[in-house]
Amino acid sequence: MDDVKALTIPDQVEEVVRLGDGDSDRFTAEQVMKRAHARWDRPGRRQFDAWAPEGRDYNDLLMGGRRERRQEEPGRRCQAGHP
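None of these values were measured; they are calculated from a predicted model.

Observations concerning the overall build of the protein chain
Within the protein chain one finds three helices and two strands. When its helices and strands are written in sequence order, the protein chain yields β-α-β-α-α. A burial count over the protein chain gives 20% of its 83 residues as buried. Within the protein chain, contacts between residues at least 6 apart in sequence are counted, and of these 62% link residues at least 24 apart. Of the accessible surface of the protein chain, which amounts to about 6,600 Å², a share of 52% is contributed by carbon and sulfur atoms.

Here it is in structure tokens:
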């Protein structure tokens, strides 16, 4: 993605927290985070990266592990696109 299509942050935003998934390729995700940090850098703006645990993503954490339980239930049929 070039910078023209990238997300922009209004100048009045003083703090940015980027969420990184622990089930993505870590090296690639870190490079994306670094580019975003450079693009969004402003005097006085604080930026932080928060990573989900290894092998998990923030949706897993928000769902409280429901994804894993669904997959373990024998005979359960899932709708298309849902685990």
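Notes on the pairing of strand 2 (residues 46-51)
Pairing analysis gives six bridges linking strand 1 (residues 15-20) to strand 2, with the strands arranged parallel. Paired with Gly20 across the bridge in strand 2 is Trp51.

Some details on the environment of Leu61
Note that Leu61 resides in helix 2 (residues 58-62). If we ignore the near neighbours within four places in the chain, the residues touching Leu61 are Ala52, Pro53 and Arg56.

Notes on the environment of Asn59
Relative to the elements of secondary structure, Asn59 occurs in helix 2. Placed 38 residues apart in sequence, Asn59 and Asp21 show a C-alpha to C-alpha distance of 9.0 Å.

Focus on the packing of aromatic side chains
Per the stated rule, a full pass over the model turns up zero aromatic pairs. The ring centre of Trp51 lies 3.8 Å from the NZ or CZ of Arg26, which sits over that ring.

Conventions used here
- Residues numbered from 1 in each chain as written.
- Predicted model: local features only at pLDDT ≥ 70, side-chain atom pairs only at ≥ 80, totals over all residues.
- Heavy atoms only, no water.
- Helix = DSSP H or I, 4+ residues; strand = E, 2+ residues; numbered from the N terminus.
- Buried < 20%, exposed > 50% of the residue type's maximum accessible area, 1.4 Å probe, protein only.
- Contact = heavy atoms within 4.5 Å.
- Areas by Shrake-Rupley, 256 points an atom, 1.4 Å probe, with all protein chains shown as cover.
- Pairing = 2+ DSSP bridges.
- Phe/Tyr/Trp six-rings, centres within 6.5 Å; stacked < 30°, edge-to-face > 60°.
- Lys NZ or Arg CZ within 6 Å of the ring centre and 35° of its normal.

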